[in-house]
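# Chain and residue survey
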Amino acid sequence: MNHRVSSAVRLALTLSSGLFAAAGAGWAQGQPGAPEAVQVPENQTEDQEAADGGVDEIIVIGRQRSAATDVITERIEQEVVADFLAAEQISRVGDSSVSLALRRLPGVTLVNDQFIYVRGLGERYSSTTLNGANVPSPDLTRNVIPLDLFPSAIISSLAVLKGFTADMPAAFGGGSVDIRTLSIPEEPTLSFKVAGGWNSESSDDRLTYPGGSDDWLGTDDGKRELPQSVVDAIQTYQGELDANSILAGLRDSGGLYTLADAEAINRQLASSLNRDVDIDAKGSTPDVGLEAVAGNSWYFGSNEDWRLGVLGLVDYGNQWRNKERVSRKLGAPDIENSITRQTTNQVSMTGSLNIGLAFTEDHSIDVNGLYLRNTDDEASIATGNNGSFLRADGRQFRTYQTRYEERALELIQIRGRHQLGPDTLGLTSLLSPLEFLEGLTFTWYYSDATATTDIPNEVSIAAIDVIDPQSGQLLSTGLRPSNTTADYRFTDLEDKVQSGGWELSMPFVFDSSELQVSGGWERYEKGRGYLQSQLGLGTSLPNTSPLLSGTPGQVLTDANILNPANLFALSIGGVGTESYLAAEIVNASYVQFDFKWNDAWRVAGGVRYEDFQQLSVPVDQYQFDTGVGKIPLTTAELTNLAKAEDDFYPTLALTHMRRDFWAEEFQFRFGWSQTTARPDLREISNATYIDPITDARVSGNPDLKTSAITNFDLRGEWFFGSGDNFTVSAFYKDIADPIEAVEGPGSDDNFSLSFVNAESAEVYGIEVEWLKAAPLGEMLGAWGNDLFVSGNITLSDSEISLGSTALNLTNDTRRLAQHSQYVVNLQLGYDAPSGRHSTTLIYNTVGERVYFAGLSGAPDAYEQPFNSLDWTYSFYPNDLLTFKLRVQNLLSEDVEIEQGNVTILEQSLGTSFKVDATLKF
């Protein structure tokens, strides 16, 4: 990770701390600027930070049915609507990541295999915690963490809380996902897993390019990094690399220099870039996976009251995937279209270590360390036609692209629980006066996490093909003549989060009722540094046909670039404000109660108070000495960008419980709450940057307001003694000032986006969920009694009105983006009475959803329903061995996006086959 990014994070937090501290406790958003005492340097370096002491002002902180039964108890005891998924359920259906597993829950849909939409609301309305603590995001374009980063191997259970409680972050809309990692084992455990697999689309040749020696580990060995000579030159020549700027810098240093000298230096810098990016086709490689888990607990003390436990896990995966994407333009799909062949090498590494110390049932301290790394190494070749490259003229464009994205998360959490229980009170007679406080419980946690994304040497090279107009056969190819034939992009992101809190709770037991009262405090601090540099390499030579003929490796050689006659030059690209610094701080406190009466009624509620502060500023990353760059804003402009607000967020839940109402246990729930959705750090920045994934030019909007959300929930739950259950839920959400991404003005080659507050939005629907032994015994024989069916169906709708904020939208009122009107999950499973075999057939589908809104009369684009059919089979030959076979996307469905009557995008995913063997002692 670039050292400048870490400096950027510290600077962002220092700026935020200085602005809010100097402004005083009474300062709030909308009031006049901060006092004159606030001094924000426009080019603060790391050395200056250390000297000023600014960094220290803020510290950045058996089987399906039995598995389903295990989580029923927690679901019953929840005071609000919630859904749970146990590790065994995840393992059974073969989901490899948290994101894939969560799509099995009612009302949950998955977007881009990374982000979940709960009840039709986007990822901005869903928060994610790890063991109850906030985690930072390595995603370049969102403030929320991509859930494909978490392998299912580390999961104990997943909880999706669809109702708000006062001990949760107030940034809550669709739901809050809590990822619970593996806990300390009660007895010795040791297991090893070996996995393999392949994909039907990856059976052909895969596209590769020369990489680094450590690519198999998912980390770059430095080959792709921005050369230090270029970094030094940007500093030396004051953010410019053209020959005239270099000449001015040379003359400032003294001596006689000519323009030819400056041009020679520019060519030397160009030759230092990694140009070993020729894409070749090679044979396919099967998937590989390795996993090891070991743990134990030891009891000691006179009565073995003390327990020390340790659990460690390491996991490695390596797979190659081919994808073919066909894109068409709405206005002329037969003329303007392209085909992209892409190969992605995905490497994942996970290391986890949990240590726990407990004294009886009253006291425990757990330490959890986690390291995740997930790397995508992509190579692609796109060919196609547009208005400038017509097939009828025998021409087509060609684009070579390589992209290496390394995402990592490092985390350490410490959690404690201390209770005045019988064992503690019995330690000494001195504690006897405290017996009236028996049950008083104090819990606390501290979490320190850093997420990073490194995309070194992302390269896009433009070429032109000469083809036969009739057959499309390639006749010759060469690079496109331009000053930026080759585009180099270097991106670094660091998100650092520290959070901590405590809660004190006390139970009161009466003759026919119970009351639990609790209160707590939490603090959350986040700093983000995002630095993106862009360079262009090309030639201004008038007649370039002989010079540029061939592939990138044949053209961009040292000999060609260093030859003065070829007029190759290196230039700074981008718009100059792609980078930004950001920070946010939340101080929260809450009180809540939970009252149960006569085992028939339960009333729970509370209120949460949050003091929220946020700052996001652009950075000119080309103007720096030893620091991170120049903030192109005055002190007054910086102060105006600082946002601060505070509010109370109430919640109330009512539950009626009774027995023998169609089932052994029945609960009817009602929930109401008021919450918020806040803009992401990038969305409020003045920065204009290039999205590294879509190439869209994205502009922030400092005037964005937070969205106020009112939530209503109804749920009826029937729990049967056999473990079967049936649930019906209804929900309604009203959102004021929702934030939407809208398309701005642009050109064919310059797609732009920004963010606005719409007028209002609402979403409502019904969820039905069940788990039931299939009544097929009489038809299929005795073994039919071991079948079961489970699933869920969600029917919902939504509406958003943008008002006058985006006048060029075709439909001012429409459904929310990425909202599906139906979601269906079905499972048919069989568990052999012998316990040696189990199998499950899993079906998932979602209705069409708005992919992006149409402009200027063009219709909205819709992602079409995707029918996913998966099958898993497990064989348990003995108590030590397990063999599993998984087949995913049996129907070989493709992703399709339609706009009007045109399929503007189709992407093949293929069918995946996975096998693994686990030896568990």
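The shown structure was predicted, so the numbers you read here are calculated from the model rather than taken from an experiment.

## Considering the overall build of the chain
- For the chain, the count of helices and strands is 14 helices and 42 strands.
- A buried classification covers 54% of the 921 residues belonging to the chain.
- By element, 54% of the accessible surface of the chain is carried by carbon and sulfur atoms, the whole surface being about 37700 Å².

## Observations regarding the side chain of N844
- Considering the arrangement of structural elements, one finds N844 in strand β35 (residues 837–846).
- For N844, the side chain forms a polar contact with the side chain of N825, separated by 2.5 Å.

## Details of the packing of aromatic side chains
- Going through the model one piece at a time under the given rule, you end up with 18 aromatic pairs.
- Both rings, one in W662 and one in F720, keep their centres 5.9 Å apart while their planes meet at 90°; by these two values the pair is edge-to-face. With W662 in the loop between β23 (643–658) and β24 (665–677) and F720 in the loop between β27 (707–719) and β28 (725–736), the pair connects residues that are 58 residues apart, well separated along the chain.
- Taking the relative accessible area as the measure of exposure, W662 reaches 58% and is therefore exposed.
- A connected cluster of aromatic rings, assembled from ring pairs, spans F661, W662, F666, W718, F720 and F726.
- The side chain of R678 reaches across the aromatic face of F612, ending 4.2 Å from its centre.

## Here we look at helix α6 (residues 228–236)
- Within α6 the residues assigned to the buried category are V230, V231, A233 and I234. Viewed end-on, α6 has its buried residues packed into an arc of 165°, placing them on one side of the element.
- Along its buried surface, α6 packs onto α8 (259–271), β19 (513–539) and β20 (568–572).
- One or two residues past the end of α6 sits Q238, with phi positive at roughly 60°.

## As for the pattern of salt bridges
- Counted under the stated rule, the structure contains 36 salt bridges.
- Close ionic contact of R715 with D83 constitutes a salt bridge, the shortest N to O distance being 3.3 Å. Of this pair, R715 sits in strand β27 while D83 sits in strand β1 (residues 82–86); the two residues are 632 residues apart in sequence, bridging distant segments of the chain.
- Given the relative accessible area of 1%, R715 is considered buried.
- Ionic pairing is found between R328 and E906, a salt bridge with its closest N-O pair at 2.7 Å. Note that R328 is positioned in strand β12 (residues 306–328) and E906 in strand β41 (residues 902–908), a separation of 578 residues in sequence.
- Its relative accessible area of 27% is what places R328 among the partly exposed residues.
- Each of D83, R119, K162, R669, D713, R715, E717 and E767 takes part in one network of salt bridges that share partners.

## Quick look at the environment of Y843
- Take Y843: it is sitting in strand β35.
- We classify Y843 as partly exposed; its relative accessible area is 25%.
- Taking the C-alpha atoms as reference points, Y843 and R104, separated by 739 residues in sequence, lie 9.3 Å from one another.
- If near-sequence neighbours (up to four positions away) are discounted, Y843 is found in contact with V824, N825, L826, N867, S868 and L869.

## What about the pairing of strand β14 (residues 363–385)?
- As paired elements, strand β13 (residues 337–359) and β14 share 23 bridges and run antiparallel to each other. Across the sheet, residue R341 finds its bridge partner in β14, namely I381.
- In sequence, β13 turns back onto β14 through a hairpin of three residues, with T360 there showing a positive phi of about 50°.
- Inspection of the sheet shows β14 paired to strand β15 (residues 395–419) by 22 bridges, in the antiparallel sense. Of the residues in β15, the one forming a bridge with G384 is F397.

## Quick word on the side chain of S908
- In this structure, S908 sits in strand β41.
- A polar contact of 3.4 Å, which involves the side chain of S908, links it to the side chain of E201.

## Quick notes on helix α7 (residues 243–252)
- Those residues of α7 that fall on the buried side of the exposure criterion are A243, I246, L247 and L250. Buried positions in α7, seen along its axis, are confined to an arc of 100° and lie on one side of it. In α7, the exposed residues that point more than 90 degrees away from the buried face are N244 and D252.
- In the core, the buried residues of α7 are packed alongside α8.
- For α7, the capping residue at the N-terminal end is D242, with a side-chain oxygen 3.2 Å from the backbone nitrogen of N244.
- Of the residues trailing α7, G254 is marked for its positive phi of about 100°.

## A few points about the sheet that holds strand β7 (residues 175–181)
- A sheet is described by the order of its strands in space; here five strands give the open sequence β1-β6-β7-β4-β5, paired in mixed fashion. Sheet topology places β1 and β5 (133–134) at the edges, where each strand pairs with a single neighbour.
- Direction of pairing for strand β4 (residues 126–130) relative to β5: antiparallel, over a ladder of two bridges. What sits directly across from L130, in β5, is A133.

## Notes on the nonpolar core
- In this structure, L241, I461, Y488, L535, L537, L556 and F568 are the most contacted members of the largest nonpolar core, which totals 38 residues.
- Take this core: its biggest share by element is four residues, from α7.
- Formed by 33 residues, the second largest nonpolar core is a distinct cluster that contains I145, L158, L311 and L370.

## With respect to the pairing of strand β39 (residues 881–888)
- Judged from the five bridges that link them, strand β38 (residues 866–875) and β39 form a sheet pairing that is antiparallel. Among the inter-strand pairings, F875 is bridged to a residue of β39, identified as F883.
- Where β38 folds back onto β39 in an antiparallel hairpin, the turn is made up of five residues.

## Remarks on unusual backbone geometry
- The backbone phi angle of E304 is positive, close to 55°, even though this residue is not glycine.
- Residue E304 is classed as exposed on the basis of its relative accessible area of 52%.
- Located in the positive-phi region is L567, a residue other than glycine, with phi close to 55°.
- Following the sequence through the fold, L567 ends up in the loop between α12 (558–562) and β20.
- With relative accessibility at 37%, the residue L567 sits in the partly exposed group.

## Concerning the environment of L440
- Along the chain, L440 turns up in the loop between α9 (422–425) and β16 (441–467).
- Residue classification places L440 among the partly exposed residues on the basis of a relative accessible area of 21%.
- Sequence separation between L440 and Q516 is 76 residues; the distance between their C-alpha atoms is 10.0 Å.
- Dropping the residues within four chain positions of it, L440 is found in contact with H418, Q419, L420, L504, S505, M506 and P507.

Conventions adopted
- Residues numbered from 1 in each chain as written.
- Predicted model: local features only at pLDDT ≥ 70, side-chain atom pairs only at ≥ 80, totals over all residues.
- Heavy atoms only, no water.
- Helix = DSSP H or I, 4+ residues; strand = E, 2+ residues; numbered from the N terminus.
- Buried < 20%, exposed > 50% of the residue type's maximum accessible area, 1.4 Å probe, protein only.
- Areas by Shrake-Rupley, 256 points an atom, 1.4 Å probe, with all protein chains shown as cover.
- Polar contact = N/O pair within 3.5 Å; in protein donor to acceptor, adjacent residues only side chain to side chain.
- Phe/Tyr/Trp six-rings, centres within 6.5 Å; stacked < 30°, edge-to-face > 60°.
- Lys NZ or Arg CZ within 6 Å of the ring centre and 35° of its normal.
- Arc of directions from axis to C-beta.
- Contact = heavy atoms within 4.5 Å.
- Salt bridge = Lys/Arg side-chain N within 4 Å of Asp/Glu carboxyl O.
- Pairing = 2+ DSSP bridges.
- Core = buried A, V, L, I, M, F, W, Y, C linked by side-chain atoms within 4.5 Å.

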